[in-house]
Amino acid sequence: MQIRHLPFLIVSLNKFAYGAIYQSFDELPSGKPYDFVVAGGGTAGSVIANRLTENPKFRVLVLEAGPSNEGIIELEAPGLASSLWYTTSPFDWNYTTVPQVGLNGRSVIYNRGYVLGGSSSINGMAYTRGSADDYDRWAAATGDEGWNWKNMLPYIWKNEHFVLPGDGHSIDGQFNPKYHSFTGINFVTVTGYARPFDNVYLQASKELENEFPFDLDMNDGTPLGLCWKQATIVNGTRSSAATSYLGPRFINRHNLDVVLNTRVSRVLKSSHHKSINLRTIEFMSANRTLHTITAQKEVILSLGSIGTPHILLNSGIGDKEDLKKVGVKSVLNLHSVGKNLSDHLYIMEPPITWSINMTFSPGNATADLNQWIENRTGPLSFGYTNQYVWGRVHDKSSIFNATTQDPAAGSHTPHYEFILYGSPNISPTGEAILSMTVAVVTITSRGYISIKSNNPFDKPLIDPAYLTEDTDVLLFKEAISSAKRFIGAPVFKDLMLRPQGEFENVTDDQTLEQFIRNNVGQGFHIVGTASMSPRGAQYGVVDPDLLLKGAAGLRIVDASVMPYVPSGHTQAPTYAIAERAADLIKHAWL
């Protein structure tokens with residue numbers, strides 16, 4: 001895949017007319033107090049706002065730092081999503097990690113959505129739930145069976161609205177309807193655009209079925225094998241939290257207000273009593289004026305796994321000794337805030353490539369764009385991949401021994417993922433190439449989010465601690481060995497594949513490790529920085545009901561509460577967490 005960095009195309013595309021969305025806090029009409037103030041209009045925050053305002057007695061205000069998602073082609077055409085990654089943009093927080101010891105001192109870009117819909121407006125739209133084991137491990141870690149797979153399925157289905165792809169072809173054999181919902185809010189589908197390598201990959205699965213069996217549906221709880229990608233797309237267009245949960249069916253509710261360009265800086269105590277009640281939010285409006293607002297019932301932080309701990313720390317909620325070093329007065333001594341960061345590891349930009357004996361004509365980007373604008377079809381209607389592979393290292397692998405446990409949540413949980421690029425591409429040297437992203441999705445390294453000053457508008461310090469644990473390196477080596485076995489299937493013989501680029505120089509274990517350390521980049525899926533733990537535990541940040549430990553009035557609803565990163569991309573699990581959280585909040589106040 002060649003990442004295309006395009007000027008952002010703002011055009012009229014017969015957009016919906018949105019209602020109660022304000023460009024600044026100054027535009028917000030005065031009225032009754034809000035019962036709930038949601039900080040962050042991203043993946044989770046949009047769900048909370050939608051579900052709470054189903055009750056006409058609840059008034060909800062959403063504060064979103066970024067601009068509107070409307071009218072930006074790169075945020076709408078699935079095939080242009082990658083133009084927003086590994087670069088800076090007005091729709092991104094434009095974070096960079098601290099230098100990574102495990103990556104030979106490199107810092108890496110970390111993309112997070114700075115726009116209504118959050119990262120659901122800029123991500124790759126992958127709809128992957130992870131394994132049933134992942135959710136069962138959450139339940140075990142929190143002591144709350146409500147987080148297990150069986151009990152979370154209703155919330156997964158409450159989110160999902162499975163539809164036919166944009167081209168309307170029969171999808172028999174591409175998914176299993178038994179495991180899907182057709183009545184939820186956020187749209188999900190399979191590819192609507194066939195790629196040249198689709199049948200090649202399917203044939204490879206048949207030829208190597210012991211290691212790469214065909215999996216009819218990766219979202220059945222046991223995602224192992226080669227499968228068709230599922231994505232949050234409808235009619236060839238991205239389905240994000242903004243277009244679904246805050247879409248035209250819901251945004252005109254009289255009890256819902258959304259304010260853009262409004263950056264939360266801190267949460268504050270709402271009274272002078274000894275008890276810690278955190279129902280007040282401080283924020284900066286579009287005109288750079290500081291304001292505060294107090295929720296009658298709760299503040300919900302949905303700022304993501306970077307933004308949420310950043311705000312907590314700036315509010316004096318975290319390890320008091322760490323806060324003292326940067327001049328922040330301690331309000332609540334919670335050692336785990338910002339800690340336990342875990343993420344996936346990707347070799348994606350550039351991906352692993354093989355030169356191939358193939359002649360082809362590169363696509364016409366202008367024609368592809370015009371086709372998408374005209375009828376939402378063509379290469380830009382889905383993305384660059386139609387298939388994934390999810391694989392496991394053998395249970396008896398020498399990696400796992402008395403001192404190194406299997407980091408996967410269970411025996412049906414993958415250790416690694418291949419994103420198979422559906423079309424050939426051209427290398428910088430002009431060769432035809434086949435490309436594959438390789439990722440490790442069960443990680444042992446743990447990093448952190450911290451702050452470097454007492455200015456809440458300074459960027460946080462982000463240290464994912466990539467490849468600081470030997471197990472992660474060993475799993476990556478196993479994953480790449482598996483990838484080589486996959487492209488060694490007989491169906492690839494006539495393509496005469498040869499390692500290309502830096503991968504060509506991998507000749508032994510030492511050069512393989514250096515290749516990994518030189519090429520691993522952001523994982524896109526940070527979790528755990530405000531993790532759930534059992535009620536009464538002296539570690540963790542929130543109780544299983546997502547209320548902040550040691551305080552009242554503040555709940556956290558986003559990917560930061562996951563105690564472990566799931567083995568799939570985190571969009572679908574985040575939606576499901578928010579759906580359950582909405583029910584927990586309703587139950588608490590009804």
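Predicted, not measured: the structure shown is a model, and the values here were computed from it.

Visitor: Please provide a residue-by-residue account of empty space enclosed by the protein, values included.
Guide: A complete count under the given rule lists 3 cavities of 30 Å³ or more for this structure. In terms of lining residues, the largest cavity is bounded by 15 residues, among which Gly166, Asp167, Gly192, Gly236 and Ser381 are the most central. Across the lining of the largest cavity, the residue classes tally to 5 nonpolar, 8 polar and 2 charged.

Visitor: Please give an account of the sheet that holds strand β3 (residues 60-63) that cites residues and values.
Guide: Working definition: the strands of a sheet are paired by backbone hydrogen bonds and lie parallel or antiparallel to each other. Overall, parallel pairing links the 6 strands, which are arranged β1-β12-β3-β2-β16-β27 in an open sheet. One side of each edge strand has no neighbouring strand; the edge strands of this open sheet are β1 (21-22) and β27 (554-556).

Visitor: For the confidence of the model for the protein, give the residues involved together with the corresponding values.
Guide: Averaged over all residues, the pLDDT of the protein equals 94, while 97% of them reach at least 70. When the criterion is pLDDT under 50, residues 1-19 qualifies, and its contacts beyond four places in sequence or with other chains add up to 60 contacts.

Visitor: I'd like a rundown of the pattern of salt bridges, residues and numbers included.
Guide: If you walk through the whole model with that rule in mind, you get 21 salt bridges. Ionic pairing is found between glutamate 54 and arginine 51, a salt bridge with its closest N-O pair at 2.7 Å. For glutamate 54, a relative accessible area of 36% gives the class partly exposed. Classification of arginine 51 as buried rests on a relative accessible area of 7%. One connected set of salt bridges, linked through shared partners, spans Arg51, Glu54, Glu579 and Lys586.

Visitor: Tell me about the environment of alanine 204, residues and numbers included.
Guide: Tracing the backbone shows alanine 204 in helix α4 (residues 198-207). Once the C-alpha coordinates of alanine 204 and glutamate 349 are considered, the two residues, 145 residues apart in sequence, prove to be 25 Å apart. The residues contacting alanine 204, other than those within four sequence positions of it, are Phe486, Ala489, Val491 and Phe492.

Visitor: Let's hear about the side chain of asparagine 111: which residues, and what values?
Guide: Among the secondary structure elements, asparagine 111 is positioned in the loop between β5 (109-110) and α2 (132-142). A distance of 3.5 Å separates a polar atom in the side chain of asparagine 111 from the backbone oxygen of threonine 87. Among the polar contacts listed, one links the side chain of asparagine 111 to the side chain of glutamine 522, at a separation of 2.6 Å. Excluding anything up to four places from it in sequence, asparagine 111 contacts Leu84, Trp85, Tyr86, Thr87, Asp92, Ile122, Gln522 and Phe524.

Visitor: If you had to explain the packing of aromatic side chains to someone new, which residues and values would you point to?
Guide: Tallying each qualifying case throughout the model produces 23 aromatic pairs. Judged by centre distance (5.2 Å) and plane angle (40 degrees), the rings of phenylalanine 503 and phenylalanine 515 are tilted. In this pair, phenylalanine 503 sits in the loop between β26 (498-499) and α10 (509-519) while phenylalanine 515 sits in helix α10, placing the two residues 12 residues apart along the sequence. Residue class for phenylalanine 503 comes out buried when judged on its relative accessible area of 5%. Within the aromatic cluster, the residues linked to one another by ring pairs are Phe197, Tyr201, Phe212, Tyr416, Phe418, Phe486 and Phe492. Over the face of the ring belonging to tyrosine 564 we find arginine 137, whose NZ or CZ atom lies 4.1 Å from the ring centre.

Visitor: How would you sum up the sheet that holds strand β14 (residues 280-284)? Please name residues and give values.
Guide: Spatially, 3 strands are ordered β13-β14-β15 in an open sheet, and the strand pairing comes out antiparallel. Every interior strand has two partners, whereas the edge strands, β13 (263-268) and β15 (290-294), have only one. For this sheet, the mean inter-axis angle between neighbouring strands, taken without regard to orientation, is 25 degrees. The sheet contact formed by β14 and β15 spans 5 bridges and is antiparallel. Each residue of the ladder has a partner; that of threonine 280, found in β15, is threonine 294.

Conventions we followed
Residues numbered from 1 in each chain as written. Predicted model: local features only at pLDDT ≥ 70, side-chain atom pairs only at ≥ 80, totals over all residues. Heavy atoms only, no water. 1 Å grid on protein atoms, 1.4 Å probe; cavity = no way out; pocket = protein on both sides within 12 Å on 5 of 7 lines; lining within 4 Å. Points joined across faces, edges and corners; volume = space filled by probe spheres on them. Nonpolar A, V, L, I, M, F, W, Y, C, P; charged D, E, K, R; others polar. Pairing = 2+ DSSP bridges. Helix = DSSP H or I, 4+ residues; strand = E, 2+ residues; numbered from the N terminus. pLDDT = per-residue confidence, 0-100. Contact = heavy atoms within 4.5 Å. Salt bridge = Lys/Arg side-chain N within 4 Å of Asp/Glu carboxyl O. Buried < 20%, exposed > 50% of the residue type's maximum accessible area, 1.4 Å probe, protein only. Polar contact = N/O pair within 3.5 Å; in protein donor to acceptor, adjacent residues only side chain to side chain. Phe/Tyr/Trp six-rings, centres within 6.5 Å; stacked < 30°, edge-to-face > 60°. Lys NZ or Arg CZ within 6 Å of the ring centre and 35° of its normal. Axes fitted to C-alpha atoms, helices over the stretch in contact; angles between N-to-C directions.

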